[in-house]
Amino acid sequence: MWIARPPFAVLLAASLLGCVQSPPGPPLCAADVPCAAEGDACVVGRCRPKKDTLVTAMDARRLLLFPDAVAVVSSKGPSGGGEALPEAVSLGRSAAGDTSLLLHFEVPVAEVGEVSSAFLVLETATASEPPTQPVSLSIARILEPWRADFVSWGRSPRLDVAEKAGTVGVTSPSPMRIDVTHVVQRWAKRTGEEHGLAVLADPNDPRGITFSLGVVEKRGPRLEVYVR
């Protein structure tokens, strides 16, 4: 049963972006910012040794998965899921306020060891303008069950502490791929404590980055999982 939380709890969940932690694995990077370590290259948002730029096992096969639940939570912009899902979501846009994209995927893997790598793919909306400055994205675990058609700014599931996910620059190509291998491996454990993930950004840019949700352009969020 859905229980609406007081506004304070909702604001607390949104404010978690203020204490963002670094994800496990290789350091994050952007295409226009060189890696600090000599000999490393920026591959799919991570600094990896140039001699080993493969991001998945050679014998892995790809699963292309689409979310079974999508919703937007925004303090100033359009919110909702289901029939109320907006066409696009602007993350990091100052006029939209605190905004997060909620996603849930059903991943058909039975063991953590099956997951070689996984990437969340986000497409920028065709008619959108790029941000005026780089926008840092974060992701956070969703900590409780939620229904896309019930989500709003006043009814938002609790989020874990956010972690850095990458940076969208003013000339970044679309689509954007976020390395979420450790997230999907955690989902594979089937502990009952995983309810999807949220994508967030501090609202510091006049434009932010606008991602298509697949309502009109049919190029919404998706998950690439490579399994062995």
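Use the structure listed above.
The sections below set out a description of the structure shown in this document. Quantities reported herein were computed from a predicted structural model and do not represent experimental measurements.

### Concerning the overall build of the protein chain
Item 1. When helices and strands are tallied, the protein chain shows two helices and 14 strands.
Item 2. Per-residue burial over the protein chain gives 48% buried out of 228 residues.
Item 3. A total accessible area of about 11400 Å² is found for the protein chain, and carbon and sulfur atoms account for 54% of it.

### Some points on the nonpolar core
Item 1. Counting residues in each nonpolar core, the largest one holds 37 residues, and the members touching the most others are Leu 120, Leu 137, Leu 223 and Val 225.
Item 2. With four residues, strand E8 (residues 115–122) is the single largest residue contributor to this core.

### Points about the packing of aromatic side chains
Item 1. Tallied over the full model, the rule gives two aromatic pairs.
Item 2. Seen from their ring centres, Phe 119 and Tyr 226 are 6.3 Å apart, and the 75° between their planes marks the pair as edge-to-face. Of this pair, Phe 119 sits in strand E8 while Tyr 226 sits in strand E14 (residues 222–227), placing them 107 residues apart in sequence.
Item 3. A cation over a ring is seen here: Arg 155 above Phe 150, with NZ or CZ 5.4 Å from the ring centre.

### Notes on the pairing of strand E12 (residues 197–201)
Two faces, one strand: in a regular strand the side chains alternate between the faces of the sheet.
Item 1. Where burial is concerned, most of E12 is hidden: five out of the five residues are buried.
Item 2. Burial of the side chains of E12 extends over both faces: Leu 197, Val 199 and Ala 201 are buried on one face and Ala 198 and Leu 200 on the other.
Item 3. Here strand E7 (residues 99–104) pairs with E12 via four bridges, running antiparallel. Bridge pairing in E12 links Leu 102 to Ala 198.
Item 4. One ladder, built from five bridges, connects strand E9 (residues 135–141) with E12; its direction is antiparallel. In the strand pairing of E12, Ala 140 is matched with Ala 198.

### Thoughts on the sheet that holds E8
Item 1. Sheet architecture is open: four strands sit in the order E3-E14-E8-E11, paired in antiparallel fashion. This sheet does not close on itself; its edge strands, each paired only once, are strand E3 (61–65) and strand E11 (176–179). Ignoring strand direction, the axes of neighbouring strands in this sheet form an average angle of 25°.

### A closer look at the sheet that holds strand E10 (residues 163–168)
Item 1. Overall, antiparallel pairing links the six strands, which are arranged E5-E4-E7-E12-E9-E10 in an open sheet. Edge strands, defined here as strands with exactly one partner in the open sheet, are strand E5 (80–81) and E10.
Item 2. Alignment of strand E4 (residues 69–74) against E5, held across two bridges, turns out to be antiparallel. Of the residues in E5, the one forming a bridge with Val 72 is Gly 80.

### A word on the pattern of salt bridges
Item 1. Considering all chains together, one arrives at 10 salt bridges under this definition.
Item 2. Arg 222 is the salt-bridge partner of Glu 123, the closest N and O atoms lying 2.8 Å from each other. Residue Glu 123 is located in the loop between E8 and E9, and its partner Arg 222 is located in strand E14; the two are separated by 99 residues in the primary sequence. With respect to class, Glu 123 is no different from Arg 222; both count as buried.
Item 3. In this structure, Asp 149 and Arg 147 form a salt bridge, with 2.8 Å as the shortest nitrogen-oxygen distance.
Item 4. Of the residues examined, Arg 147 reaches a relative accessible area of 43% and is grouped as partly exposed.

### Topic: the side chain of Asp 179
Item 1. Looking at where Asp 179 falls in the secondary structure, it is placed in strand E11.
Item 2. Asp 179 gets classed as buried once you look at its relative accessible area, which sits at 12%.
Item 3. A polar side-chain atom of Asp 179 sits 2.8 Å from a polar atom in the side chain of Thr 181.
Item 4. Beyond its immediate stretch of four places on either side in the chain, Asp 179 contacts Val 44, Arg 46, Arg 48, Ala 118 and Phe 119.

### Side note on the environment of Ile 139
Item 1. The topology assignment puts Ile 139 in strand E9.
Item 2. Through-space distance from the C-alpha of Ile 139 to that of Ala 165 is 6.0 Å; in sequence the pair is 26 residues apart.
Item 3. In this view, Ile 139 contacts Ala 162, Glu 163, Ala 165, Val 180, Val 183, Ala 198, Val 199 and Leu 200; residues no more than four positions away in its chain are not counted.

Parameters and conventions
- Residues numbered from 1 in each chain as written.
- Predicted model: local features only at pLDDT ≥ 70, side-chain atom pairs only at ≥ 80, totals over all residues.
- Heavy atoms only, no water.
- Helix = DSSP H or I, 4+ residues; strand = E, 2+ residues; numbered from the N terminus.
- Buried < 20%, exposed > 50% of the residue type's maximum accessible area, 1.4 Å probe, protein only.
- Areas by Shrake-Rupley, 256 points an atom, 1.4 Å probe, with all protein chains shown as cover.
- Core = buried A, V, L, I, M, F, W, Y, C linked by side-chain atoms within 4.5 Å.
- Phe/Tyr/Trp six-rings, centres within 6.5 Å; stacked < 30°, edge-to-face > 60°.
- Lys NZ or Arg CZ within 6 Å of the ring centre and 35° of its normal.
- Pairing = 2+ DSSP bridges.
- Axes fitted to C-alpha atoms, helices over the stretch in contact; angles between N-to-C directions.
- Salt bridge = Lys/Arg side-chain N within 4 Å of Asp/Glu carboxyl O.
- Polar contact = N/O pair within 3.5 Å; in protein donor to acceptor, adjacent residues only side chain to side chain.
- Contact = heavy atoms within 4.5 Å.

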